[in-house]
Each structure stands twice: as structure tokens, then as C-alpha cells.
There are 4 protein chains.
Amino acid sequence: MAQHPDCKTHEEVMFYDTDAGGVVHNIAYLRFIEKTRTRLGAKLGLSLKRMSESGLYAVVIRTEIDYHKPALLGDHLTVHGWLEEAGKVRFCCAFEVTRDSDMAKLVTSRQELAMVQMPEGRPSRLPKELEQYRT
Amino acid sequence: MAQHPDCKTHEEVMFYDTDAGGVVHNIAYLRFIEKTRTRLGAKLGLSLKRMSESGLYAVVIRTEIDYHKPALLGDHLTVHGWLEEAGKVRFCCAFEVTRDSDMAKLVTSRQELAMVQMPEGRPSRLPKELEQYRT
Amino acid sequence: MAQHPDCKTHEEVMFYDTDAGGVVHNIAYLRFIEKTRTRLGAKLGLSLKRMSESGLYAVVIRTEIDYHKPALLGDHLTVHGWLEEAGKVRFCCAFEVTRDSDMAKLVTSRQELAMVQMPEGRPSRLPKELEQYRT
Amino acid sequence: MAQHPDCKTHEEVMFYDTDAGGVVHNIAYLRFIEKTRTRLGAKLGLSLKRMSESGLYAVVIRTEIDYHKPALLGDHLTVHGWLEEAGKVRFCCAFEVTRDSDMAKLVTSRQELAMVQMPEGRPSRLPKELEQYRT
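Residues numbered from 1 in each chain as written. Chains lettered and ligands numbered in written order. Predicted model: local features only at pLDDT ≥ 70, side-chain atom pairs only at ≥ 80, totals over all residues. Heavy atoms only, no water.

(A) Spatial organisation of the relation of the copies chain D and chain A. The two copies are related by a screw operation: chain D maps onto chain A through 180° of rotation and 0.0 Å of translation along the axis, at an RMSD of 0.0 Å. In symmetry terms, the pair is related by a two-fold rotation axis. (Least-squares fit on C-alpha atoms with pLDDT ≥ 70 in both.)

Structure below.
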């Protein structure tokens, strides 16, 4: 079996990521994770340009996210994402957000995605690049 | 000349609207204003449903926004928007955000919009409903 | 056992809620859900004003969200949220997002929350209002 | 007179930056610009960490933004920001967003900022690093 592809992206926490509790707002992490997932998708034949040309999109159908510790304004974060498993019509990615200064694990997440042909919204098979990771 | 149409919407400040400074983030007010502008647009023949069916969209081409006083978590706000002027291919809306508890004027804004036929991005004339407000 | 409190909020899908796939972006639903949760929290003694005065906040520690069908620009949505269960230091809310025009169930979600004394980040017991719902 | 400091940041347009018109939403550019402004601020003695320790924040009091051409999903953008002028209690930054592939100028913006001591919200003098740019 091929080794599962992964990807890391980096964030510096901006004011617009935080809330009046003084920490990063829970929704903001999902933007960080989307960036990692997008870069990971590009490695799997699912680049944004290719998806918008073909109309065949990877669509999030489920998100699970656990908040362990809060990130603060100005923190430097690393988001690590990887392909966890691939089936016939769905695949699953996992993510970990860590703070660079103390390596604290702040957030873990898991997302299921399906391929959908837009604009009809018709479910579609995974692209060939993903088939080799079929579990 | 016909009286210029206006619209009011109401917001309760949520955590996701605030930042670590303990106040509403400057960008969040533009979501509040977009909601008012959308409702105002519906009165001017520019409803979301009609725009997405025709592909003829009112597009923001300039925003000016002044921040006078900060809103806080849980504040109840009123956003008042009105058509300021209409030309051949552009129109202009103005907005005021006030806090309900003390009537403080927090934010004022002005946006210029143009009609654009998507997906080509071709500039287009204003709809008939707007012509009567031509200055 | 007391009947579990619930709350409904209403949304009209704005441009800023949608993405280039032509549908509501997956992250936007979490803003809708936060509004419902905030109103539900106010019924449970957790109003925003009271939380910001006491520094004792209900913090999301886990979100699960399933995307069944997409909402479109201009759709009118109802978000129904209710207290699912309450323990000693955590409680759990559930949510359903439906489209008003066809009553389609678009999104379901579940969030776990904990009480945290800020800025120290110290875990704290649930407020008295929630104790009667202890399972 | 010292040469005015500037800063460039880079963005890849994500789904969450776009809207159902198929282009980057007008509000999303203000997140791009905030990132550039934050990095520029760090060069001017206004780093996020220093601001959150001192409670002395640079606060946006006015934004002007012009939308010339739309950015699309997957576009690579460069945001160039620079200090335009500094007074006693206010300073002004300007920004240009260009697309890397064709160097098209998409968006221009100008923001006025003031120093505010939080949480009292008391106006404050600009930091020493900015005085040398006084016009």
C-alpha cells in the first residue's frame, strides 16, 4: 500500500481569528484546516483550478473537531493534515493543529469528503489518484 | 422625485463578531451592512433569487466605512441603510449602525455598486426600479 | 425530569455565506448554529452579558456536523437547537438546520461545551440553571 | 525623511474566500489586507504580542476599498501594503492586491488607524518607531 500523503501549513493568529474571550474562535480553526485540506487535495489530483474547470468538487460531508487548548493572538501554528482513508465514493482526512512555541496540541479534527459533480450535485467516483489509497 | 427607499436590520453581537480587543471586529460590520443592503436591494428589484436566476448581480465596487465607537459582545444593534443616489450604471447606498441601548452612532458607511452580468463580468444598466431615483 | 429547553433562529442566506460552488459554505453553518446556541444559552443562565461580566464562559470543546443537502443563496433557513444532556462539568447541545420552503433537513450538528473561568482558563462547574437537566 | 516601510504577503484564494458569484467576496479582501497590515505593524513596533501585553492597540478608524477586478478560486495574490503617512495620533496605510499570474491590479485600499489604550478605549500617542515618519 502506498504511503498516505500529508501536508503542513502555517498560520499566524490574526485579530480576525480571535474573539472577546481573548482566544482563537472555534470557527476560525476550520479556515486553517481548509487551507491544509486544499493543499493536500492538490497532491491528490484535486486542485482548485482543476475542480473549478471540471465542476467535480470534493465536498465536506462531515466534520468532527476537538478543542484541547486555546491559541492566542500572534501565536504561530502548524496545521498537519493527512489522508486517513479512501473508499469508493468517500475519503477521510485527519488534522492536528499545534502551537510552534511549545508544540502544544491545540486542536484535532477529522473530515469526510465526497466527490460531487456540480451544479447537478450528482455523487461521483473518487479520482484515480485516490484509488491507490483505497482501504 | 420619489422618496428614497430605506431598510433597517437588527443584530445581536455574537462571539464570532468580536475579537481579542474585546470589541466587534472591524470586518464584522460589513456582514451586518451586507444584510441590510441585501434587504434594501430586494425593495429595488434586486432580490437574491432574482439575481441568481438572471445572473445579473449588483456588485460592490467601493466601500468607505468609518468606525466611531466600538460595539461589545451582546450589544443589540440597528443597521439603517438607504439608497443615496443612482446614476446610469452605478448606485450608491449609505449605512448607519447604532446601538439600541444608548442610541450611540457606532459606524457609518457608504458603498458604490454596479450591475454586472455574470459570468462574463459585463457591466450592465441599472434595473428599471432604480431609474426613478436617478439623480 | 424537566423538559429540555430549546430555541429556534432564522437565517436568510447571504452572499457572504456562500462559496464558488454556488452553495452555502460548510463553515457558515457554524455561525448559524452559534447564534441558536447563544439564544439557547441565554435561557440556561448563560447570556453573553452575564458571561462577559463574570468571565465564566461556556466554551465549545467538540463539534460534530453532518452536511446532508446544500442550502442556496436567498434560502430561508430555520436552525433548531436544544439541550441534549448535562453532566457535572460538560453539557451537550444538538442542532438541525432545515430549509423553510421544502422542510428539507440540510445539516445536523452536536456540540459539547464546558464552563471555563477566563482569563485563567480554569474549568468550572455548570451554573445552577443547568443542574436540573443533569442526566 | 526615512523611507516609508512596506510589506508584502501572499494568498491563495480558498473556497471560504469566494461567493456564489464565483469570485472572491468583497469582505474577504479585508482579511488579506489585515494580514499585510499586521506584518507591516510589526515592523513599526506594533507587533501583536507587544500590543496584547501593553493593551495599546492600533485600531482601524476608517477603511476605503476599491474593487477593480475580481479574483477567482485558486488565484495566487500578492498584497502590498505601506505606511502612507503618520500624524500625531493617527497613521495611514495603503494597500494594493495584485494577481500573480497576470499582474492585474484587483483591489486598492487605504486605512486610517489610531492608537487606543484598552480596555478604557483612551486615545494614545503613536509609538516612537512611527514618529520618524511624521509628515
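(B) Geometry of the interface of chain A and chain C. In this complex, chain A contributes 20 residues to the contact, which on the side of chain C involves 20 residues. Between chain A and chain C, roughly 1,600 Å² of surface is buried when both sides are summed, and carbon and sulfur atoms account for 51% of that area. Three residues, Ile27(A), Arg62(A) and Tyr67(A), lead the burial of chain A against chain C; their summed loss comes to 28% of the area buried on that side. Summed over the shared surface of chain A and chain C, the number is four salt bridges. For Asp66(A), the salt bridge goes to Arg62(C), with nearest N and O atoms at 2.6 Å. For the pair chain A and chain C, the number of links is ten residue pairs in polar contact (both at pLDDT 80 or more). For the side of chain A that touches chain C, the secondary-structure elements that each account for two or more residues are helix H1 (28-43) and strand S2 (56-67) of chain A. (Contact = heavy atoms within 4.5 Å. Buried area = accessible area lost by both parts, 1.4 Å probe. Salt bridge = Lys/Arg side-chain N within 4 Å of Asp/Glu carboxyl O. Polar contact = N/O pair within 3.5 Å; in protein donor to acceptor, adjacent residues only side chain to side chain. Helix = DSSP H or I, 4+ residues; strand = E, 2+ residues; numbered from the N terminus.)

(C) Seen up close, helix H1 (residues 28-43) of chain C. Residue and element names in this part refer to chain C. With 16 residues, H1 should cover 22 Å at 1.5 Å per step; its first-to-last C-alpha distance of 24 Å lies within 8% of that length. H1 sits mainly inside the fold: 13 of its 16 residues count as buried. Positive backbone phi, at 80°, marks Gly45, one or two positions downstream of H1. (Expected span 1.5 Å × (residues − 1). Buried < 20%, exposed > 50% of the residue type's maximum accessible area, 1.4 Å probe, protein only.)

(D) Summary view of unusual backbone geometry. All names here are of chain A. The phi torsion at Met103 lies on the positive side, around 55°, for a residue other than glycine. Its location among the elements puts Met103 in the loop between strand S4 (90-99) and strand S5 (105-117). What makes Met103 exposed here is its relative accessible area of 60%.

(E) Just the interface of chain D and chain A, in detail. Every contact between the two is made by 18 residues of chain D and, on the other side, 18 residues of chain A. Overall, the association of chain D and chain A removes approximately 1,800 Å² of surface from exposure, summing both partners, and the carbon and sulfur fraction of that is 62%. Considering only the surface of chain D that becomes buried against chain A, Phe15(D), Tyr16(D) and Leu48(D) emerge as the three largest contributors, covering 30% of it. Taken together, the links from chain D to chain A amount to four salt bridges. When the shortest N-O distance is used, the salt bridge between Lys49(D) and Asp75(A) registers 2.9 Å. Inspection of the region where chain D meets chain A yields ten residue pairs in polar contact (both at pLDDT 80 or more). If you list the elements that add at least two residues to the side of chain D that touches chain A, you get helix H1 (28-43) and helix H2 (48-54) of chain D. It is H1(D) that contributes the most residues to the side of chain D that touches chain A, five residues altogether.

Don't take any of this as a statement about function, it's just geometry.
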